[in-house]
Structures are given as structure tokens and as C-alpha cells.
Amino acid sequence: MVTEQIRSSVLITSVLNPNMRVFDVVMRTEYGTSYNSYVVVGSRGIALIDAAHATFCEDYLNKLERALEGRTPDYLVMNHTEPDHSGTVATLLERYPNLTVVISKAGAIYLKNIVNRDDVRMMIVTDGDKLDLGDQTLRFISAPFLHWPDTMFTWLPEKGVVFTCDFLGAHYCEPQLFDHRIIYRDAYSDAVKNYFDCIFAPFKPFVLKGLEKLAALDADYACTSHGPILTRTCELERIKAHYHTWATEEPRAYKRIPLFYCSAYGNTEQLATHVARGLLRAQPAAEVTCYDLVKHDLARLAAILNESDAFFIGSPTINRDALPVVWNLIASIDAVTIPRRPVALFGSYGWSGEALPHLAERLSSLKAKVFETQLKVCFTPTPADLKAAEELGEAFGSSLD
Ligand SMILES: Cc1cc2nc3c(=O)[nH]c(=O)nc-3n(C[C@H](O)[C@H](O)[C@H](O)COP(=O)(O)O)c2cc1C
Ligand SMILES: [Fe+2]
Ligand SMILES: [Fe+2]
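Would you explain unusual backbone geometry in this entry?
Comment: phi is negative for the bulk of residues other than glycine, and the bulk of peptide bonds are trans. Residue Leu146 is joined to His147 through a cis peptide bond whose omega torsion reads 10 degrees. Positionally, His147 belongs in the loop between strand 11 (137–142) and strand 12 (152–156). Non-glycine residue Asn116 carries a positive phi angle of around 50 degrees. Examined against the element boundaries, Asn116 turns out to sit in the loop between helix 4 (105–115) and strand 9 (122–124). Although it is not a glycine, Lys367 sits at a positive phi angle of roughly 75 degrees. Position of Lys367 relative to the elements: it lies in the loop between helix 11 (355–365) and strand 20 (369–370).

Below you can see the structure in the form of C-alpha cells.
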């Protein structure tokens, strides 16, 4: 069943996508997903909350029509404009030309460029604003960076239902829509953690603020835009507690300074070993580990980099550049948390040596703090080069206190 009643006057129209295995090009999703949207029927107006992915437009519209039973919606509340929820909005606006889109200020700017229309009827709302639907009221709660700047929650106090869009959600698909009907609970828990890690981990301070706002509501239901609806008596409190734990940064007694490198002929690898030795002289308590990029899983290395206090990258120059494995790691850097993170570079080259300047430029554009000394060694390192590698490690380590 994909159109159900949550509480009287609140309907869910969920589009199921059980086959999705990759989300947003980069996120692995083993369990598919659903795009949940909702209908709130008030005595003086009907509001839709969130929409669906464009690929499933026909399915979404059919389910919506079934839920509406011939009624016409007055409002579309967009908690977040990412295309997995806004891809069907252009079609919705054609079908319901009097629809008013209720949206945050940032969301309004994005939506104009998503539907490429200037004439969308919009009601821009800020934190605490209300929409009166007669016997139901929607209250809007600003929740920026959960996970886009535009995000807000919508609260329906008469029913104890909060619509949180992606927050507390999961890319997870079972035909039943409520948490107490989940069959594969371990798989669901895995999907919740994966969703947090991929979508919310870069925004931990905002997650804690979002949880505070939810705590003040004390909702019975959290209607997310992906995965099952969460109920107070089943998963809601558990997932909020998990989010709190995952978003709370434990102060660490020691620094983590990984070295990532690759090496075709062992030259850059030798440098890595000596850089690490010098680094440990300056930071004896630090966790210093060398990772050969071709020997480890990229996602694991990316997580280690993103959790580091500082890091090194070593790459030879091949075809006038750093190697693709190095670029893949850099492409996995979390752009939200990388600013001001110290990084230093080393590598062997043969004749032109472009790898390090290219890496420095890219890391600077991510706003990482690139150490001014870079160690570029021509072909095989000499004893003096190895000493310079130790000195680089030591100087970088000393700069971190
Ligand atoms: C296929 C290939 C292409 C290379 N292209 C360049 C290059 O464009 N510029 C350069 O300075 N060195 C180039 N080199 C030389 C390497 O950078 C040099 O051999 C270096 O010492 C390799 O370090 P490694 O042992 O850490 O891999 C190339 C080497 C190979 C095998
Ligand atoms: Fe999103
Ligand atoms: Fe989403």
C-alpha cells in the first residue's frame, strides 16, 4: 500500500524506488529508497508537503490524485528543494496552476532555477511562521544545512506530526510505510547510519540544533522524505538518540595525521616512510599511519581523511599530473569541514613535476591550509632527500600545535 492515512487528515503518498543503488552519483545505497510526500487536509485548505523525483512523476501524480479524491491542493510546502523532492514540481504547477509554494527564502531562489520560471506563486516563510488551514495549522521551523541551506521542518501541532524531509530519513525501501512494520531491522539500521554518514556527518553542529528544535515539539510522528515514517513508540526516539551520539564530537586526546600516497616505483613511498618518521618526532603522541592508496578501499580512506586533524598527500608525477587514485581521494573530501585543515605534500618526479602544484592548487581551492614547504624529489631519493623528508614531517608536525 503506498497511499495511507497517518492520522486523520494527514496522508502519505510514497513513491517506491527499490532498485536504486547509487544516490546523487556518489552515495552507495544497498536498499533502494522511497520518496515520501504528504497531504494535509484542513477545513480551509489543502497542503502538499514535499514532492518526488522526476523519474517517478507519473507514479507520484497517480498516487497524489488517489489521495486527493478529486480535491484541489492549495499549497505545496517545500521543506527542501533538492531535485529528489522537487523534480515533479514543474508538472505539479502545470496541473494545479493556483498552487502556492510555501518555501524558505533560500529555497525560493533555488526553486526558480530548478523549474526555470519567474511566475511561481510563492509564500516565503521564516522560522515560526504559520499557515492556517482552518482546523489544522502548519508551523515552519528553520533548519538550515540539514542538509542544504534552504531546509526547514514543518510542524502540525494538532496531530503531533513533524515533517522533517531528509532529516532522520534513510534510503531504505520496504512496501510498508511505518517503522513498526519494518521486516529487515538490521538492514534498516544500516541504512540509517549510512544516510547519516553520507548526508549529515558534515553538518554535525546543525544536526544538534535540529534535534533541539525537534525536542521542543515532542512529536508523535516524524514524517521523513525517505524511508519509513517514524513513530514515538517505535524508532523515532532511538534514531534521534543515535543522531545525537553521531553528531557529538568527542574531544580526542591525540591528533590523527594520516599520510596518503601512491608510488609506481617506490620513490614516493620511501619519502612517505621518512616523512612519517620526522612527523612522529614532532608529534610523538599522534596517530600517524601511512596508507598506500591502491591497497585500501577509497571510501574507508576518505572517512579517515575527513576525520583527521591534518594529513599528508604524496604523489609522483605521471603524465604531467598527480595520479587518478589521488584525485579520487581528493574528490571524496568533505568540502564543508576541510577549510583550514593543514595538509602537506611530497612526491617524486622525473622531469616536469606538476603533481604537487596541481594538488596544492586544488586543496587551496577547497580552503585547506596547504603547508608552504613541499618536497619534490627528482627520481630516486638521495640520503639528503630522505633527510629533507624527515625535516618536512618534523616541520609540519611542529606547525600543528
Ligand atoms: C608513465 C609515466 C609517466 C610519467 N610522466 C611524468 C611526467 O609527466 N612528468 C614528470 O616529471 N615525471 C613523469 N614520470 C616520472 C615519474 O614521476 C618518476 O619515475 C617518479 O620517480 C616516480 O615516482 P614513484 O616511484 O613514487 O612512482 C612518469 C613516469 C611514468 C612511469
Ligand atoms: Fe536532500
Ligand atoms: Fe532527499
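So what exactly am I meant to see when it comes to empty space enclosed by the protein here?
Under the criterion given, the structure shown has two cavities of 30 Å³ or more. Of the voids in this model, the largest cavity is the one considered here, and its volume is about 80 Å³. Ser34, Glu174, Gln176, Gly227 and Pro228 are the residues nearest the centre of the largest cavity, which is lined by 13 residues in total. Elements that contribute at least two residues to the lining of the largest cavity include exactly strand 2 (10–17) and strand 5 (33–42). Top contributing element to the lining of the largest cavity by residue count: strand 2, with three residues. Looking at the lining of the largest cavity residue by residue, the classes come out as seven nonpolar, five polar and one charged. Taken as a whole, the second largest cavity encloses approximately 40 Å³ of empty space. As for the second largest cavity, its lining consists of Val162, Leu168, Leu214, Ala219, Ala222, Leu236 and Lys240. Its residues assigned to classes, the lining of the second largest cavity comprises six nonpolar, no polar and one charged.

Could you clarify how one ought to interpret the site of ligand 1 in this entry?
By nearness alone, 18 residues border ligand 1, and Ala264, Thr268, Thr317, Arg320 and Ser348 come closest of all. One nitrogen or oxygen atom from the main chain of Asn267 is found 2.9 Å from an oxygen atom belonging to ligand 1. Between an oxygen atom of ligand 1 and a main-chain N or O atom of Gly353, the distance comes to 2.8 Å. In isolation ligand 1 has 640 Å² of accessible area, and contact with the protein removes 84% of it. Counting atoms within 2 Å of the grid points, the majority share of ligand 1 lands in the second largest pocket.

Cut-offs applied
Every chain's residues receive numbers from 1 upward, in the order its sequence appears when written. Here every chain gets a letter starting at A, and every ligand a number starting at 1, in the order they are written. For this predicted model, a pLDDT threshold of at least 70 governs which residues receive local features, and a threshold of 80 or more governs which side-chain atom pairs are given and counted, while totals over whole chains, interfaces and linings are taken from all residues. Calculation of side-chain values draws on the structure's entire complement of heavy atoms; hydrogens and water are dropped beforehand. Counting from the N terminus, the helices are the DSSP runs of H or I reaching at least four residues and the strands are the DSSP runs of E reaching at least two. For each structure, a 1 Å grid was placed over the protein atoms alone; sets of points admitting a 1.4 Å probe that cannot get out are labelled cavities, open sets with protein on both sides within 12 Å along at least five of seven lines are labelled pockets, and lining residues have an atom within 4 Å of a point. Grid points are joined across faces, edges and corners, and a volume is the space filled by probe spheres set on the points. Each residue receives one of three labels: charged for Asp, Glu, Lys and Arg, nonpolar for Ala, Val, Leu, Ile, Met, Phe, Trp, Tyr, Cys and Pro, and polar for the others, Gly being one of them. A single heavy atom is enough: if one lies within 4 Å of a molecule or strand, its residue is considered near that molecule or strand. Under the rule applied, a polar contact is a pair of N or O atoms within 3.5 Å (in protein, one hydrogen donor and one hydrogen acceptor; residues adjacent in sequence only if both atoms are side-chain atoms). Accessibility throughout is a Shrake-Rupley quantity obtained with a 1.4 Å probe, and a residue counts as covered only by protein chains that appear here. By definition, a pocket or cavity contains a molecule when more than half of the molecule's atoms lie within 2 Å of the pocket's grid points.

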